[in-house]
Amino acid sequence: MDDPRGEYMFGLEERVAKLEREVEGLQIQSRTTPVGSPDDHVHQLQSHLQQ
């Protein structure tokens, strides 16, 4: 992994930042989506992941 200009790490930093924004959006959505609504799959996924 010889990368003297640091492009790999810069790209990795951008991907991590994007994932963090997506997770934050899902967390906000899960707090504002009533259970039983069509978007309740977020709650189901979170419950599954926590098990």
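Please refer to the structure higher up on the page.
The sections below set out a description of the structure shown in this document. (Residues numbered from 1 in each chain as written. Predicted model: local features only at pLDDT ≥ 70, side-chain atom pairs only at ≥ 80, totals over all residues. Heavy atoms only, no water.)

## Focus: the overall build of the protein chain
Within the protein chain one finds 2 helices and 0 strands. Taking all 51 residues of the protein chain together, 14% fall into the buried category. Working note: accessible area of the protein chain is about 4700 Å², and carbon and sulfur atoms make up 56% of it. (Helix = DSSP H or I, 4+ residues; strand = E, 2+ residues; numbered from the N terminus. Buried < 20%, exposed > 50% of the residue type's maximum accessible area, 1.4 Å probe, protein only. Areas by Shrake-Rupley, 256 points an atom, 1.4 Å probe, with all protein chains shown as cover.)

## Focus: a nonpolar patch on the surface
On the surface, Tyr8, Met9, Leu12 and Val16 cluster together into a nonpolar patch covering about 340 Å² of accessible area. Relative to the elements of secondary structure, Tyr8 occurs in helix H1 (residues 7–32). (Patch = residues over 30% accessible without salt bridge, like charges linked within 9 Å, V, L, I, M, F, W, Y side chains within 5 Å. Salt bridge = Lys/Arg side-chain N within 4 Å of Asp/Glu carboxyl O.)

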